[in-house]
Amino acid sequence: MSQEPTSNFIRTMIDEGLAGGHRQKLITRFPPEPNGYLHIGHAKSICLNFGLAESYGGRCHLRFDDTNPAKEEQEYVEAIKTDVRWLGFDWGEHLYFASDYFDQLYRWAVKLIQAGKAYVDSQSADEMRANRGSLTAPGVDSPHRERSVEENLDLFERMKKGEFPDGKHILRAKIDMKSPNMNLRDPAMYRILHAEHHRTADRWCIYPMYDFAHGQEDSIEGVTHSICTLEFEDHRPLYDWFVEQLEIHAPQQIEFARLNLSYTVMSKRKLLQLVTEQHVEGWDDPRMPTISGMRRRGYPAAAIRNFCEKIGVGKSYSWIDLSVLEESVREVLNQTAQRRMAVLEPLKVTITNYPTGQVEELQAPNHPQQPELGTRTLPFSRELYIERNDFMEDPPKKFFRLGPGREVRLRNAYIIRCDDVIRDDSGQVTELHCSADLDTLGKNPADGRKVKGIIHWVSADHATSVPVRLYDRLFNQENPDKAEDYLQVLNPDSLQMTEALAEPNLLNVQSGETLQFERVGYFCVDSKDSTAGAPVFNRTVTLRDTWAKMK
RNA sequence: UGGGGCGUCGCCAAGCGGUAAGGCACCGGAUUUUGAUUCCGGCAUUCGCAGGUUCGAUCCCUGCCGCCCCAGCCA
């Protein structure tokens, strides 16, 4: 079930570095910005970074890149820690924050000013943009580019002291306004932001830009391999430049392609909008592609890890079908989930040759392939409910279920034959009269006739009604980002609230537990809305249904 | 049109000069008191295209085509 790590280009690069003697150990890091909850795309990065550290006997740090106080919150820090831990990874003592390095970063900025490698610019944001040039036209130098070291030092000091309003000045690296790489056209290093930071409160009113912070943070921590996504490939020369000017340890940056999953959006901005505008019930809504949403939906951590392993890692733009994730979930749940029976759309069945008032306690295995998981008792009586779509009045030959005159096996019980179809005034089928072959409990018919179909059922008098939420993909379009407005392609049927008639054992479950409703799907006891003795079930994923595909 | 990447089966993805791994999907067939699971078998003479180097190229060279990213005082 768990995947063997297959070779990939990152492992190859690491191996080469190790073999060449350039590196002795491996230190990676997962560096989220605490401005939202983690999603399945982050899981890919987490599994990659922690997985690498594990298999090379190194370690992986968890570091929060909290350089923008305007967007970051403590709530997100806690949620991210919970999610990484839940996925099964441990950063040990190595929990860090960019904000812990603010003093060092400030000193380094001063050092660059002193070396004539950075300057305070006083253009407006608009002017800076205009002077940056375009993709094909070089930029032009700022009129403030040649300020003296003394003046720069003074201005930067006063920026720090809070003498200026936001946007009045900005610290820039002095590199090359004509560089074909836009990132090298005197990028911003420090901006003035009179904002309360979730960890440093109001101690600072200037904050380093991600580009001036990230590489140095890795350097400080001794990170050997800085694994990040493709869009930072263009930034690598900048990070290398800072590290070289500062004469500090240089991590090796390696970029990989981020995950794209069909029928979902992955941008934090959009996920945040779904939450704040209440298109979903929160970050942990079971329809969300967030780790917390998947957890609540019932996806096992192992399934997510296996998924990340099986999709591999490369540099080509890739698009993974949602079904690959779902298949990973089934793979794990099939082995771990106990079996139960529940009927979603009930149709009454009366066993006409079964005595009124009689109740039999049948034994049913909790898992067909794992007898060690024991059995449970199932009450059987004259009146039952079966699934409405397990009956057809005029079934095709390939329909192995119930129809007039047809026989079917009741799962864990008897074989029954449909003798009569009862209708109401409108012609709707309301009930089936069936007769049971009472000599088929735990065995096949003595006369050797074959009964192919098996359907699930519950005893009418003993069944308990439980709330069930049927989830479906959040979006109707394979790539919601391609839509004019991604909110327009939200799937209106992504959540269907209903009730199921369940075997009595289903009242006896624990929060977060996942069970298989035989022939229907996997269902997880909702961790938020369930109470003792009153579980609410989330459909984690359906079972594979080749019959549905045949139709 | 400047720069940086990427192009191997429907979807991912190994391969790194010696003659195309694997997974998913799909198609057969077996077992099965879940049309589930499991199990067997099938599934790229071909690696974006065109040239070139070589005894030999998916791997090296040249040119072309296609796709992605970059002009935040976001990360």
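Keep in mind the model is a prediction, meaning the values are calculated, not measured.

## Observations regarding the overall build of chain A
- Assigned secondary structure in chain A consists of 13 helices and 25 strands.
- Along the first, second and third principal axes, the C-alpha set of chain A runs to 100 × 55 × 45 Å.
- Taken across its 551 residues, chain A has 53% of its residues classed as buried.
- In chain A, the proportion of contacts linking residues at least 24 apart, taken out of those at least 6 apart, comes to 71%.
- In the form shown here, chain A has an accessible surface area of approximately 24,900 Å², with 47% of it arising from carbon and sulfur atoms.
- Side chains of chain A carry 68 positive and 83 negative charges; the gap between the two charge centres is 3 Å.

## Some remarks on the protein's contact with RNA strand B
- Around RNA strand B there are 68 residues in total, and R339, F400, R411, G442 and T546 lie nearest to it.
- In RNA strand B, atoms within 4 Å of the protein come from the sugar-phosphate backbone in 63% of cases.
- Interatomic distance of 3.1 Å between a side-chain N/O atom of N68 and a sugar or linking oxygen of RNA strand B.
- Separating a base nitrogen of RNA strand B from a side-chain N or O atom of Q516 is a distance of 2.5 Å.
- Counting residues per element, the ones that place at least two in the surface near RNA strand B are α1 (9-19), α5 (125-131), β6 (188-192), α11 (301-311), α12 (322-336) and α13 (546-550).
- Of the residues that constitute the surface near RNA strand B, the class distribution is 24 nonpolar, 21 polar and 23 charged.

## Things to note about the packing of helix α4 (residues 102-114) against helix α7 (residues 210-220)
- Contact geometry for α4 and α7: axes closest at 11 Å, N-to-C directions at 115°. Taken together, the axes of α4 and α7 are roughly perpendicular relative to one another. The handedness of the crossing between α4 and α7 is right-handed. Across the interface between the two elements, Q104, L105, W108, A109 and L112 of α4 pack against F212, A213, Q216 and I220 of α7.
- Per-class residue counts for the contact of α4 with α7 are seven nonpolar, two polar and no charged.

## Here we look at the sheet that holds strand β3 (residues 95-97)
- With parallel pairing, the three strands of this open sheet are ordered in space as β1-β2-β3. Lying at the two open borders of the sheet, with one neighbouring strand each, are β1 (27-30) and β3. This sheet shows a mean twist of 35° between the axes of neighbouring strands, independent of strand direction.
- Strand direction decides the pairing type here: strand β2 (residues 59-64) and β3, joined by three bridges, are parallel. By the bridge assignment for β3, L62 is matched with L95.
- Strand contacts of helix α3 (residues 74-86): β1, β2 and β3, with the helix running at about 160° to β2, the strand carrying the most contacts.

## Structural notes on the pattern of salt bridges
- Going through the model one piece at a time under the given rule, you end up with 42 salt bridges.
- When the shortest N-O distance is used, the salt bridge between R519 and D390 registers 2.3 Å. Placement of R519 in the loop between β23 (514-517) and β24 (521-525) and of D390 in the loop between β15 (383-387) and β16 (407-410) is noted, with a sequence separation of 129 residues between them.
- Looking at R519, the relative accessible area reads 35%, which means it is partly exposed.
- Residue classification places D390 among the buried residues on the basis of a relative accessible area of 2%.

Scoring rules and cut-offs
Residues numbered from 1 in each chain as written. Chains lettered and ligands numbered in written order. Predicted model: local features only at pLDDT ≥ 70, side-chain atom pairs only at ≥ 80, totals over all residues. Heavy atoms only, no water. Helix = DSSP H or I, 4+ residues; strand = E, 2+ residues; numbered from the N terminus. Buried < 20%, exposed > 50% of the residue type's maximum accessible area, 1.4 Å probe, protein only. Contact = heavy atoms within 4.5 Å. Areas by Shrake-Rupley, 256 points an atom, 1.4 Å probe, with all protein chains shown as cover. Lys, Arg positive; Asp, Glu negative; His and termini not counted. Charge placed at Lys NZ, Arg CZ, Asp CG, Glu CD. Near = heavy atom within 4 Å. Polar contact = N/O pair within 3.5 Å; in protein donor to acceptor, adjacent residues only side chain to side chain. Nonpolar A, V, L, I, M, F, W, Y, C, P; charged D, E, K, R; others polar. Axes fitted to C-alpha atoms, helices over the stretch in contact; angles between N-to-C directions. Parallel < 35°, antiparallel > 145°, perpendicular 65-115°, else oblique. Left-handed = near helix turned anticlockwise from the far one by under 90°. Pairing = 2+ DSSP bridges. Salt bridge = Lys/Arg side-chain N within 4 Å of Asp/Glu carboxyl O.

Just geometry here; none of it tells us what the structure is for.
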